[in-house]
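Coordinate analysis (summary)
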Number of protein chains: 2
Amino acid sequence: MPHSNDLGLRSFIEVAPNSDFPIQNLPYGVFSARDGTAPRVGVAIGDYVLDLWELGQDGRLGVSQLDVFAAPMLNPFMALGPKVWSRTRARISELLRHDNPELRDNAASRDRALVPMANVTLHLPLAVSGYTDFYSSREHATNVGVMFRGKDNALQPNWLHMPIGYNGRASTVVVSGTKVRRPRGQLKPPSAELPSFAPCKRLDFELEMGVVVGQPSPIGEMLTEKQAEEMIFGFVILNDWSARDIQQWEYVPLGPFQAKAFATSISPWIVTREALEPFRVHGPVQDPTPLPYLQQAQPNNYDLQLDVGLRAPSIRQAANICRTNFKYMYWSSVQQLMHHASSGCAMNVGDLLGSGTISGPDKHQRGSLLEISWNGTEPIELSGGVKRTFLEDGDSLVMRGWCQGDGYRVGFGEVEGTIVAAE
Amino acid sequence: MPHSNDLGLRSFIEVAPNSDFPIQNLPYGVFSARDGTAPRVGVAIGDYVLDLWELGQDGRLGVSQLDVFAAPMLNPFMALGPKVWSRTRARISELLRHDNPELRDNAASRDRALVPMANVTLHLPLAVSGYTDFYSSREHATNVGVMFRGKDNALQPNWLHMPIGYNGRASTVVVSGTKVRRPRGQLKPPSAELPSFAPCKRLDFELEMGVVVGQPSPIGEMLTEKQAEEMIFGFVILNDWSARDIQQWEYVPLGPFQAKAFATSISPWIVTREALEPFRVHGPVQDPTPLPYLQQAQPNNYDLQLDVGLRAPSIRQAANICRTNFKYMYWSSVQQLMHHASSGCAMNVGDLLGSGTISGPDKHQRGSLLEISWNGTEPIELSGGVKRTFLEDGDSLVMRGWCQGDGYRVGFGEVEGTIVAAE
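Rules and cut-offs
Residues numbered from 1 in each chain as written. Chains lettered and ligands numbered in written order. Predicted model: local features only at pLDDT ≥ 70, side-chain atom pairs only at ≥ 80, totals over all residues. Heavy atoms only, no water. Helix = DSSP H or I, 4+ residues; strand = E, 2+ residues; numbered from the N terminus. Buried < 20%, exposed > 50% of the residue type's maximum accessible area, 1.4 Å probe, protein only. Contact = heavy atoms within 4.5 Å. Buried area = accessible area lost by both parts, 1.4 Å probe. Salt bridge = Lys/Arg side-chain N within 4 Å of Asp/Glu carboxyl O. 1 Å grid on protein atoms, 1.4 Å probe; cavity = no way out; pocket = protein on both sides within 12 Å on 5 of 7 lines; lining within 4 Å. Points joined across faces, edges and corners; volume = space filled by probe spheres on them. Nonpolar A, V, L, I, M, F, W, Y, C, P; charged D, E, K, R; others polar. Least-squares fit on C-alpha atoms with pLDDT ≥ 70 in both. Expected span 1.5 Å × (residues − 1). Domains from an automatic or database assignment. Polar contact = N/O pair within 3.5 Å; in protein donor to acceptor, adjacent residues only side chain to side chain. Pairing = 2+ DSSP bridges. Phe/Tyr/Trp six-rings, centres within 6.5 Å; stacked < 30°, edge-to-face > 60°. Lys NZ or Arg CZ within 6 Å of the ring centre and 35° of its normal.

Take unusual backbone geometry next. Residues and elements named next belong to chain A. At the junction of V252 and P253, the peptide bond is cis and its omega measures out at 5° in the coordinates. Inspection of the secondary structure puts P253 in the loop between α8 (244–250) and β16 (264–266). Omega for the bond connecting D287 with P288 falls within 30 degrees of zero, at 10°, which places this linkage in the cis form. Summarising the element assignment, P288 is placed in the loop between β18 (280–281) and β19 (301–302). One non-glycine residue with positive phi stands out, namely N375, at about 55°. Looking at where N375 falls in the secondary structure, it is placed in the loop between α11 (369–372) and β23 (380–383). Classification of N375 as partly exposed rests on a relative accessible area of 23%.

Turning next to the interface of chain A and chain B. The partner chain B presents 57 residues to the 57 residues of chain A that form the contact. In total, about 5000 Å² of surface goes out of reach between chain A and chain B, with carbon and sulfur atoms giving 63% of it. Broken down residue by residue, the surface that chain A buries against chain B is led by R169, L254 and F257 of chain A, which jointly contribute 16%. The interface formed by chain A and chain B holds 2 salt bridges in total.

Let us look at the layout of surface pockets. Looking at the largest pocket, its volume works out to about 620 Å³. In terms of lining residues, the largest pocket is bounded by 31 residues, among which P253 of chain A together with V144, F148, Q247 and Y251 of chain B are the most central. If you list the elements that add at least two residues to the lining of the largest pocket, you get β6 (131–134), α6 (138–149) and α8 (244–250) of chain B. If one sorts the elements of the lining of the largest pocket by residue count, α6 of chain B sits on top with 5 residues. Each residue belonging to the lining of the largest pocket can be placed in one class, and the counts come to 14 nonpolar, 9 polar and 8 charged.

All right, on to the relation of the copies chain A and chain B then. Each copy of the sequence occupies a distinct position, and chain A is placed on chain B by a rotation of 180° and an axial shift of 0.0 Å, giving an RMSD of 0.0 Å. Overall, the copies show the geometry of a two-fold rotation axis. Identified as the residue of chain A closest to the rotation axis by C-alpha distance is G255 of chain A, at 2.1 Å. By residue overlap, the copies meet face to face through one surface: 100% of the interface positions of chain A are interface positions in chain B.

Okay, α6 of chain B next. In a regular helix each residue adds 1.5 Å, so 12 residues correspond to 16 Å; α6 of chain B covers 15 Å between its end C-alpha atoms and thus fits that length. Among the residues of α6 of chain B, those classed as buried are H140, A141, N143, V144, G145 and M147 of chain B.

What follows covers the pattern of salt bridges. All names here are of chain A. Applying the stated rule across the entire model yields 47 salt bridges over all chains. A salt bridge links E206 to R244, with the shortest nitrogen-to-oxygen separation between them at 2.8 Å. Of this pair, E206 sits in the loop between β12 (203–204) and β13 (207–213) while R244 sits in helix α8, and the two are 38 residues apart along the sequence. Taking the relative accessible area as the measure of exposure, E206 reaches 5% and is therefore buried. Exposure remark for R244: the relative accessible area of 9% places this residue in the buried category.

This brings us to the environment of A421 of chain A. Residues and elements named next belong to chain A. Looking at where A421 falls in the secondary structure, it is placed in the segment after β26 (409–420). Remark: the alpha-carbon pair of A421 and E392, spanning 29 residues in sequence, is separated by 8.5 Å. Residues in contact with A421, not counting those within four places in the same chain, are R181, R182 and D393.

On to the domain arrangement of chain A. Residue and element names in this part refer to chain A. For chain A, the assigned domains read domain 1 (28–123) and domain 2 (131–420). Inter-centroid distance (C-alpha atoms) of domain 1 to domain 2 is 30 Å. Contacts between the two partners involve 20 residues from domain 1 and, on the opposite side, 18 residues from domain 2. Summed over both partners, the interface of domain 1 with domain 2 comes to about 1500 Å²; 69% of that surface belongs to carbon and sulfur atoms. Linking domain 1 with domain 2 are 0 salt bridges, by the criterion used here. There are 4 residue pairs in polar contact (both at pLDDT 80 or more) connecting domain 1 and domain 2. If you list the elements that add at least two residues to the side of domain 1 that touches domain 2, you get β1 (28–33), β2 (40–45), α2 (75–79), α3 (82–96) and β5 (120–123). Partitioning the side of domain 1 that touches domain 2 into residue classes produces 13 nonpolar, 6 polar and 1 charged.

Pairing between sheet strands relies on hydrogen bonds along the backbone, with the strands arranged either parallel or antiparallel. All names here are of chain B. What the 5 strands build is an open sheet, ordered β9-β26-β25-β20-β21; its pairing is mixed. Each having just a single partner strand, β9 (180–181) and β21 (319–325) make up the two edges of the open sheet. Bridge count for strand β20 (residues 305–311) against strand β25 (residues 396–404) is 7 bridges, and the pairing is antiparallel. Within β25, the position partnered with D307 by the bridge is R400.

Turning to the packing of aromatic side chains, a few remarks are in order. One pass over the full model with this rule turns up 26 aromatic pairs over all chains. With centroids separated by 5.2 Å and ring planes inclined at 40°, the aromatic side chains of F69 of chain A and F77 of chain A adopt a geometry described as tilted. With respect to class, F69 of chain A is no different from F77 of chain A; both count as buried. Both rings, one in F235 of chain B and one in Y302 of chain B, keep their centres 5.3 Å apart while their planes meet at 70°; by these two values the pair is edge-to-face. Pair noted here: F235 of chain B is in strand β14 (residues 232–239) and Y302 of chain B is in strand β19 (residues 301–302), with a separation of 67 residues, a long-range link. Taking the ring centre of W402 of chain A as reference, the NZ or CZ of R409 of chain A above it sits at 4.4 Å.

In structure tokens:
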């Protein structure tokens, strides 16, 4: 286990045991303080944001290109590569330790570098170069297949041979807290003779994790498992908002387009691959054995708990509607990245890869309302008679995720989105 | 008709009658001179590139933010908006007129600002923010449909109701002249029991035009015809390279992914919407009438001739394999853009929209080898017994396009790509 997860590692900053942001985590984000400073790079620690640009002013951080932290996105820092990511993380960890007086006993530095999280606004943490969305949960693909094609043809013939994915729309990736306008689109229910253009009636979420690619790969070249692994900077929680009725009418033969182009929400903190290292687990057995270019020597899944709450306007408390785990994914993020580059497709710093909806084997582990309400045929009761099949205006959807360590958790915070009516 | 196409308008620079770049055109590109200057913005005129940064040094160009021309991409200039595009074009036209002495009689300025095209390297003219590919030729969609589904179900039910499209991969859009490596991918011919990973055996081109979006639109908002029109900066010729065998196995249900991710080639000069103005024509009659959000009041097609040549390594001359016209497209670029934003999808400066393969009603007007060789069943003879169904290593594919005026042509130059073997 890497040093940063040593038993007993703790910070001089008090961190509650159920906080998402102990010293074992140290996720990166982009924040602006309420006093009007421009957005720049910070690290979450307990209830504070560590301002890396301020922290680095006296050379203490050991990063020579300090201006990467003055940027309103992580891309310039990510471009420096995995050795710098690792060194910077180790140094931040060292500076925050309970037994290191460097920052702990320097009140002036502490005051400048530690901003209470209550006083900051969090921004989209990266400029998204390309957004790709996969479809890598066997349970999700099977549920959808059973619904639309019946039990015998649930999985498409290609599904067990490669991570199926498509290019999504990067321009509408937004940060948690951004309101989501119900999209309009062409709808043609089976009963209608002609399509109409109207607000979506079957608005859904999809619970996913997003991989943040931090290093490029050249056009024309494939990736080894090690190369793919080292290109991954970190992970976010991702809500792939979906208009099921628009999707149904438009998607043949070229796939989802406007049905998923109106918004994709991500959590504001990028949890690094290194922070997730202690939580690696084997994914499901892959049978048939993948083709050699997709084989992986080491476990590339993570034991990462996920939780979805839905809050209707008339209800005070969000109702939990899904509790699942990232470890169920059939195809790993490393396999997705190897497949993505397999044709020679160039990857860029800032590419974002959605995992695909994360469903599990049990009924309460379904990661979309399409599955939870079984295509609208089984409404769920949130509380006091309030029911849902799909999302209504005013509904808020909140996703949370964390890895449970011994006495600490490495968490992602949340990704929240509230639906506003179509104009 | 706008002034720039006045009969008799001509430049003091001699321009051959069959040149693509008379004073009526003035397309924008990014060039570097062989003397080592960094890539920057220029305009093609005859056999010269007009260096806009040099030209603007004495304030003569009337553009206050001159640094937009020192950029290695058109995006900063495009961001200035359609009024600046129009004013700049008018001023460049004025400066190049045969009867204007300002530049004509100033040898020092002329020497600095006019670079022989033979001495420049042309670069990708824009940073591609998002790449979207449509499927808007009725003839192409019908040909493909007949091949794979039979005559009775050739067009999918949604096709006549909206411009079908999908998000493509922006990271591999390359400029004309870039070699294209044959991609590897998963292949599973119907006769094989399992897929294998191997070099594509059915490598194809697709003849398309690309729309360059020069203005953004906000998330959550739709576009009127006028807004969509004014966001279009110009057009390029686009080759949507396609690996048919990879596509066939991967595309259900989420559309093309690695089959089209390895390369998309575009011509180096962006011909402006204003230069194409005199060549507007009505497109095919749209029946059924499109939904109101897709209706257009004015003709939005262009009479633009297109020509595809294929040169095999053993043959000196390229064989013409397709001669068609952009005017055949069923859905116009303006309709594509209105549909793209219809869900509230934000558009960005630098978005590139492929029209979809441009086929026409006649056999010689088919814009892909898939159609030309009827899915490989009808090889074509290039010359002296050399035949092709799909592209072989060493083959060069050259596309050309132009609008024919009275005594001049507004042309695009060419987009060329040569296939190199898979590694």
